[in-house]
Each structure stands twice: as structure tokens, then as C-alpha cells.
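# A structural walkthrough
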Amino acid sequence: MRVALFVTCLVDLFRPSAGFAAVKLLERLGAEVLVPPAQTCCGQPAYNSGDFNTARELARPLIDALAFYDHVVVPSGSCAGMLITHYPELFKAEPLWQAKAETLAARTRELSAFLAEHGGDDFIDASFAGKVAMHDACSARRELGVLAQPRALLDKVSGLERVELKDAEACCGFGGTFCVKYPDISGRMVSDKAEAVAASGADLLVSGDIGCLMNIAGRLKRMGSPVRVYHLAEVLAGMTEAPAIGEPDKP
Amino acid sequence: MKPTAHAFSANAHRALHDRTLQQALAKAGVGFVDKRRAAIDSLPEFQALREAGKRIKDHTLANLDHYLLRFEQQVMASGGSVHWAESPEQACAAVLDICKQANAKMVAKGKSMVGEEIAINDALESAGFEVVETDLGEYIIQIAHEPPSHIIAPAVHKTRGQIAELFEKLHHQSGLTRPLQTVPQIVDEARQVLREKFLAADVGITGANFLIAETGSTVIVTNEGNGDLSATLPRMHIVLASIEKVVPTLEDTSVLLRLLARSATGQEITSYTTFFTGPRRADDPDGPEQFHVVLVDNGRSRMLGGDYHEMLRCIRCGACLNHCPVYSAVGGHAYGWVYPGPMGAVLTPLMVGLQEGRPLPNASTLCGRCEEVCPMSIPLPKLLREHRRQEFAQRLTPPRARWALAAWAFFARRPELYRQATRIVIKLLNLLAGGKGRFRSLLFAQAWTAARDLPAPQGDTFMAQWKQGKRS
């Protein structure tokens, strides 16, 4: 099983350990993991800014770069949603590219959805003693319907107690460029979310999306909260020894 | 109403720092969401109903001309008349004509969003008519001289204390001096004041939730009964309705009514659901002498078959407002025109122009909760993005955002260069963070760091480490 990892910009730049965690998990499933070097960004910032031409210019080489693998796995609901839901829409006036986009979409999965689909009972070999809350990226929850999968995976981590956030359906206020275009409103949304995390009693917050996590972790740190924040893959791969998002290099 | 949508950021900033407003919003939001959820959880066929509702609307919109003409025919057959208005001006002129012909002095008004859209109150008042809003929420904002901040709960931005204060100021002049501490006391006083207005009014204006082509009936749903009194007590009843309100049959209406009440207030059915068909008949005990329907287009026929066609399915339930994190944070007035929230962010630029309404489609994380709760399955995030596309194509996007996008795209299109450039930036940021793991403030990132720290990158990029052979 040849699996292409689409790393995504934020994992590549800000949280490589989430990428390595994803590789580790995929290899435990017996996959041969490849990282196509031609990848950069899926084009979502351009797409959501209304610049569909630039989005298409970025999508075409990525569609080609990811074409010859059994599966494409993305450690982000947002970027997976772009490939799965929005690429076919973006090329609706170009039948050839739309067909290619649909082929790619059919092979592409968000990481936790892929792991839940292909993983047996014993591929997770991690433990964590404490309470963990899962935050769902809006794209994962609503575009891809990824909701049960990450929870089922977390339940396989020994010693881990899962807790739910109040008003879990609410957006954290990241929204790509929204967080810097409307900092007041975004600040209010992330503050509500961080309060919900603090009130949940969780020791750890995880999510499948680094965008949400940088946002919420940044707010938790600003509040002085002790809750530690990791990408879901890091917890599933047993990589919680490393500093959490926003934590100092050395304790 | 003069739009201030262009000033959304400033409006939002003010709203976020208005403590009374924040209290009112916090109280209202949770109620709407919980009640809707309870109503829908107890109706297993809700999804099927939702699909049926969408089919009804899609079919009607595809044959809108046919159903509108059929509706007109049936209204005339039942003794009423229909006035077609392409623009807000034409709609106001039609209403004024009817009122003048009736030698009216006072107009009692039920809640009507299309009335807000065409600014009918301003038109009537300028022409010398006294207008009284009879929906409690509308009455409150009328005496406060404010526009509605929600499409079904127009005064949701006001606290009980503010309302009591308004009533005391105004009603004391007419000799009402009872205490106004509780909600029932406030409602009682409004009822007493408004009852006299209903009896004195010459013309009643209501909106319509649906127009039924089969019977020529207009339908309104209310919880106060004010719509019924506005329609039946005065000599004349004028219905203001936009053209997409028409549905083929009574049976279709019942499907949409079940969706509307649950999505709006979480009720199975509203306290009053009233069907009006023509003026009073010879053997009717009451009812108006004349029945007029003013059909307003105001840009809707241009939306038909176009990029925003699906927005015409909207039944104005307000669920998208109630579930929107941006609306919940800033309230309706920040949106700067008649329609707030996600549905408003789609409609406002279409009705007042993209130049004026530009910020609204951008002020969204596209989280998709609006589409999820929309009983008509309107793809609101897609329509918001479509506005952004038009904005970019018309070069209305601010230059700074365009340049940033172009610069980023320049690198993203060149993987090798992108790797090198991002690696330099990441290493630099990591150095700047000095092992602390985060920034409390950072040049060019103040918008981010105003409310939260910026987590620092881990040291090197994934792609560089992978290329060097690192595997875990």
C-alpha cells in the first residue's frame, strides 16, 4: 500500500512532529509512506479570498503530484476538505481537470478517517494518563463528517480518559486569514473556545488541524492555562514527551 | 435605511465592547439553539422534511412566473388586488396610493422584513401617515428609533431593563405609570397601548411568510396575534411580500410551516398561523373591506438562475443567525443594513451593492454551521465565497490583501524556491523565539497577538528534515 502524505503548510512549517507522527502511524498500518516533493500548499488561502485562478494554478501541479498513489493522506481536515470537496468544484468548468480532481478526491482521506478505516485493533501502541479533549475543525466535522473516527482512535490509547467540550460545534475563530482580518471577532471566538477547554477539566487538547490548535494554544497560553496542546497524531503515536504547541523547548 | 455595511469592522468593534448588548446577546443565543435542537431531535423525519421543502422551493423557483401569475389570478378571484413592484420606490408608491385612496390617517403594521427592505415606514411617515408597529419587538425598536437586529426577534439586542426604561419614558406621557419590573408587566403595558391603535387604524399592513398560488392566500406566522389584529380590524389589509414567497399549494405550505417554526423558535407550530384569502365576504363577521398584495422584486428576478439562485429558497427562519459565531459575537446592527448574519451577508451585497456590502462576506470563518442548520439547505459558505470571487474579480479586494496573496502565490508555485524561502523564515522565527516556544508579540503579527500568543515553529521544516532522511 503506497500512501502519499500531503504534509500541509502548517505542519511543514510549524509542527513537523505532527507530520512524523502521521508517518509513524501510517507505517504501523504497513503502508509505504512517500512524501511527493512537488507539494507546497493546496491553494485554500487563495480560494477563500476569491482568487480562484491562483487556487487553480496551485491545485493543478498538486493534483498531478499526488496522482500515482493508492492513497493520499492529509493530517488536516481543512486541507483534506479542500482536496476532497473543493477541487472538483473549482474545476467544474474544465471537464478534464475535474475528472482528475474527482479521482484524487476519491483516494484522499483526512488522517484520522484513514487510520480508522484501515487500522486494526492493535496498531495504536501509546499510553497517556490523563484527560484529553478533542476539538473538531469545522471542515473535518461538517465538510468531511469526521467526528467519530478521532474519538474511536483516542479510546485505543491506554490510560486516556476522553472528555467533551461544551459547545463543541462552535468554530474556534481561526478561519485562515479571518483571524488577522477580523482580529476582534476572532479573539472573542477563541477566547470562548479556550474557556470551554479550561472548563472541561482536560489535561490535553488535541485536534486534527494545526490551524485551530495554534489558535487555541495561543489563547490558552495567553490565559496562563496549564492545558497542553498536541496534534491528534502526536498523541496516537505516543509522542507527548516533546514540548506541546507553544511550550518552551526545555521545560 | 442608509447602509453602514462598509463600516462593519468599526461597528463590530463597538458591539464587542458594548456590555449591555453583550448581555442581551448571550441570553438570547443559547435559548434559540437549544430550543431548535430539542424540536428537531423529537422529529425523526426532519431530514426528509428538509429535503421535501427544498424540492418544493426548487420547483417553484424554476416555474416562478407561472406560480406568481396563478397567485395573482386567485387573489383577484377572491376579490383582492395585486400590485407588482420592481423597485422599493414602486412598492412604496403602491402602498401610499392605497392609503391615500382610503383617506387613511393611521397604519397598524405587523412585522415585515421586506417592509424594512423598502423602508415603508419612512415613506408613510414622510407622506403624513401615523405608523404603529404592532409586533412587540418591532414596537420596541420603533420607539427606540432603531432598525431590527434579528429577522425574527427584532429587539433581541435590548435587555429587559432597557425596554422598561423606553416604555416608562414614552408611556408616562399618556398617563401609564404602573411598575415595569417583570416581563408580563412590560407585555401587558404594550398590549394596552397597542389595543387602542388596532382599533383606531384605517389600514393594516402585514408581511407574508408564504403566498399560496392554489388559493391566492397569504400566510403569516406570529406568536403574539398582532398580525391577525392588524389584518382584520382596519378597513384595509395590505400584504407586503417579496416574489420568492410563493408556493404552489396548501399541502406544500404545510411542509414549509413545519420546517419554519422548528428552525426559527423551536416550536412545533407558532401560536398563530393565519391564512388570509381576499377581503371580507358578505357573510363574514369581520375582516377588511379591501385586500391588496404588493409583490416586491427588488433584484430577486435577477438572482433567478444566477450564481445566487439558491438564496431564493430562504424562508427567513433566522437559524443561520442564531448559530453563527460572528452574529452571536457582534449582533445584527454591526452588519449595517436590514438583513444580518450569514443570510444577510449574502443578500446585502446583492441589494445595496458589493462595494458597500464588501466586508460582510469576508467576516466569516466559513465554518459551515449556517448551512448545517438551514432548513432549506442553502450553501451559505459557498455563496459567501462567491461574493469574495466577484470582489476579487472586480478588484475591490484591498491592495494589501491582493499583494500578500500574490507574493505568497509566487513562492507556492515554485516548490524549490518555496522550500528555501520558508526554511529561512522558519529558522529565523525559531531563533527569535529564543526557546520560549511562543511570541507574546511579533512585528507584522499584531492582529494575531492582540488576543493570543503565537506558537513558534519547531526549528526546521518537515520537508527539509524528510529530505535529510529523518523519519521520526
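Residues numbered from 1 in each chain as written. Chains lettered and ligands numbered in written order. Predicted model: local features only at pLDDT ≥ 70, side-chain atom pairs only at ≥ 80, totals over all residues.

### Things to note about the overall build of chain B
Put simply, the test is: Only DSSP runs of H or I covering at least 4 residues are called helices, and only runs of E covering at least 2 are called strands; the numbering of each starts at the N terminus. In this description, any two residues whose backbone-derived C-beta atoms lie within 7 Å of each other are considered to be in contact.
Along the backbone of chain B there are 24 helices and twelve strands. Dimensions of chain B along its principal axes, counting C-alpha atoms only, are 90 × 55 × 45 Å. In chain B, 74% of the contacts between residues at least 6 apart in sequence involve partners at least 24 apart.

### A few points about the interface of chain B and chain A
Rule in force here: Three classes are used: nonpolar for Ala, Val, Leu, Ile, Met, Phe, Trp, Tyr, Cys and Pro, charged for Asp, Glu, Lys and Arg, and polar for all others, with Gly counted as polar.
Between chain B and chain A, the residue contacts involve 54 residues of the former and 63 residues of the latter. Looking at the side of chain B that touches chain A residue by residue, the class counts come to 28 nonpolar, 13 polar and 13 charged.

### Some details on the domain arrangement of chain A
Accessible area lost upon the coming together of the parts serves often as the stated size of an interface. Residue and element names in this part refer to chain A. Where we set the bar: Domain delimitation follows an automatic or database domain assignment.
Split by domain assignment, chain A resolves into domain 1 (2-116) and domain 2 (124-236). Computed over C-alpha atoms only, the centres of domain 1 and domain 2 are separated by 22 Å. The partner domain 2 presents 22 residues to the 27 residues of domain 1 that form the contact. Sorting the residues of the side of domain 1 that touches domain 2 by element identifies α1 (9-14), α2 (16-28), α3 (44-48), α5 (77-90) and α7 (111-118) as the ones contributing at least two each. With six residues, the top contributor of residues to the side of domain 1 that touches domain 2 is α5. Split by residue class, the side of domain 1 that touches domain 2 holds 15 nonpolar, ten polar and two charged.

### Observations concerning the sheet that holds strand β2 (residues 106-109) of chain B
All names here are of chain B. Rules: Following DSSP output, two strands are said to pair if at least two bridges run between them. Here the axes come from fitting lines to C-alpha atoms, over the contacting stretch only for helices, and the angles between their N-to-C directions go from 0 to 180 degrees.
Reading across the sheet, the six strands line up as β1-β10-β7-β4-β2-β3 and stay open at both edges, with parallel pairing between neighbours. The sheet is open, and its two borders are formed by β1 (81-85) and β3 (130-133), each paired with just one other strand. In this sheet, adjacent strand axes meet at a mean angle of 20° when their direction is disregarded. Here strand β7 (residues 236-242) runs beside strand β10 (residues 290-296); their pairing, made up of seven bridges, is parallel. Bridge assignment links L240 to a residue of β10, and that residue is V294. Contacting β1 and β10, helix α4 (residues 64-77) runs over the sheet at an angle of about 145° to β1.

### Observations regarding the packing of helix α9 (residues 160-171) of chain B against helix α10 (residues 183-200) of chain B
To characterise two packed helices, one gives the angle between the axes of the helices and the distance between these axes. Residue and element names in this part refer to chain B. Using the following cut-off: The crossing is said to be left-handed when, going from far helix to near helix, the turn is anticlockwise and less than a right angle, and right-handed when the turn is clockwise.
For the pair α9 and α10, the least separation of the axes is 11 Å and the interaxial angle reads 35°. As for the relative orientation of α9 and α10, their crossing is left-handed in sense. Side by side, α9 and α10 meet where R160, I163, A164, F167 and H171 of the first sit next to V183, I186, E189 and V193 of the second. Per-class residue counts for the contact of α9 with α10 are six nonpolar, one polar and two charged.

### Observations regarding the pairing of strand β5 (residues 127-135) of chain A
Residues and elements named next belong to chain A. Pairing of β5 with strand β6 (residues 158-163), which is carried by five bridges, proceeds in the parallel orientation. Across the sheet, the residue bridging to A133 is V163, located in β6. Sheet topology note: the β5/strand β7 (residues 204-207) ladder contains four bridges and is parallel. Within the sheet, the bridge partner assigned to V132 lies in β7 and is L204.

### Concerning the sheet that holds strand β4 (residues 108-110) of chain A
Sheet strands associate in pairs through backbone hydrogen bonding, adopting either a parallel or an antiparallel arrangement. Residues and elements named next belong to chain A. The strand order across the open sheet built from four strands is β2-β1-β3-β4, with neighbouring strands paired in parallel fashion. Among the strands making up the open sheet, the edge pair consists of β2 (32-34) and β4. With direction set aside, neighbouring strand axes in the sheet form an average angle of 30°. Pairing geometry for strand β1 (residues 2-5) and β2, over three bridges, is parallel. Opposite A4, over in β2, you have L34 as the bridge partner. Along the sheet, α5 makes contact with β3 (71-74) and β4, crossing β4 at roughly 155°.

### Topic: helix α11 (residues 183-199) of chain A
All names here are of chain A. Applicable threshold: For a helix, the expected span equals 1.5 Å multiplied by the residue count minus one. Three exposure classes are used, all based on how many other C-beta atoms lie within 10 Å of a residue's own C-beta (placed from the backbone): buried at 20 or more, exposed at 12 or fewer, and partly exposed between those limits.
Along its 17 residues, α11 runs 24 Å from first to last C-alpha, staying within 8% of the 24 Å computed at 1.5 Å per residue. With twelve of its 17 residues buried, α11 lies for the most part within the structure. Those residues of α11 lying buried are P183, I185, S186, G187, R188, M189, V190, D192, K193, A194, A196 and V197. After α11 finishes, the residue G201 shows a positive phi value of roughly 80°.

### Regarding α10 of chain B
Residues and elements named next belong to chain B. Taking 1.5 Å as the rise per residue, α10 with 18 residues should run 26 Å; its terminal C-alpha atoms sit 26 Å apart, in good agreement. Here α10 has its buried residues at A190, L194 and K197. In this structure, the buried side of α10 is in contact with β2, β3 and α8 (136-143).

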